[in-house]
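Each chain, letter by letter, is given below.
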Amino acid sequence: MDLSKLEISIYDFDKKKSDHRTITSIGAIGCYMSHENAWKKVVASNKPELIIEDDITVVDKNYMDKVNEWIKDDHSKPRIKWLEYSYLSNDPLLYCGTGAYLINPVAAKCLLENSRPIEIQVDSYMHLMIIKNNWDLEKADPRLFSQYETYGGPFESLCQDDNNDGSVNKYI
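Residues numbered from 1 in each chain as written. Predicted model: local features only at pLDDT ≥ 70, side-chain atom pairs only at ≥ 80, totals over all residues. Heavy atoms only, no water.

Engineer: Explain the pairing of strand β6 (residues 100-103) here, please?
Structural biologist: Side chains on a regular strand alternate between the two faces of the sheet. By the alternation rule, side chains of β6 split into Ala 100 and Leu 102 and Tyr 101 and Ile 103, which are all buried. Pairing between strand β1 (residues 49-52) and β6: 4 bridges, direction antiparallel. Within β6, the position partnered with Ile 52 by the bridge is Ala 100. As paired strands, strand β3 (residues 80-82) and β6 are joined by 3 bridges and run antiparallel to one another. Each bridged residue has a counterpart across the sheet, and for Ile 80 the counterpart in β6 is Ile 103. (Buried < 20%, exposed > 50% of the residue type's maximum accessible area, 1.4 Å probe, protein only. Helix = DSSP H or I, 4+ residues; strand = E, 2+ residues; numbered from the N terminus. Pairing = 2+ DSSP bridges.)

Engineer: Hey, could you run me through unusual backbone geometry in this one?
Structural biologist: In this model, Arg 116 is joined to Pro 117 through a cis peptide bond whose omega is 0°. Assignment of secondary structure puts Pro 117 in the loop between α4 (105-113) and α5 (122-132). Of note, the bond from Asp 141 into Pro 142 is cis; its omega dihedral lies within 30 degrees of zero at 10°. Structurally, Pro 142 can be placed in the loop between β7 (138-139) and β8 (145-147). Phi at Asn 46 is positive, roughly 55°, even though this residue is not glycine. As for its placement among the helices and strands, Asn 46 is situated in the loop between α2 (26-45) and β1. By relative accessible area, Asn 46 is classed as exposed at 60%. Of note, Asn 134 is a non-glycine position whose phi angle comes to about 60°, a positive value. Relative to the assigned elements, Asn 134 resides in the loop between α5 and β7. Judged by its relative accessible area of 67%, Asn 134 is exposed.

As C-alpha cells, then:
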C-alpha cells in the first residue's frame, strides 16, 4: 500500500483544508484538546510518557514492564507507540485509537507545532503525522489496554452512551 497516497486522500496537510466533517461533536474537540495538553506536559517534562484515557481497561497486568522497556529505548527521533488501538481496515498499517499510547518529547513537540486548527480526530491526526513524516509505526501486539471492552462488553463508558448501537464508531 502506498501510504503517501492514503495520506493525501484523507487529509492534505499542505493546504490545511477547512473541511470539519470528521469533527462531529464538541466532545471530539475536547478530546483533541486534552491530548494537546498531555503533549505539552511531555514536552515540558522532556521525557517519554504514557498517556491513558479515563475509559481504559488494563488487558496485560505486566504493562508497566513493557512501558518501562520502551521508555529506556532511544528517543532521539519522534516516537509514538499505540498500546490500545483498532484497525481501520484489513490493512495492519491502518489503525487508530488514543486510549493508551506512549509518546516521546520529540513527537509531542512535532504534533503541537502542527495541531491547529483542529480539523480531524486526534487519533487520525497522530497517525497521519506519523505517515507524513515517515516515523516508524509502533504498536503493542497484543494490545496492552482495551477501550469499552470492544462494544457491548462488560465495561460501558459513560462517554460511549450515544455510541452503543454496535456499529462502527461514528466519531472515527
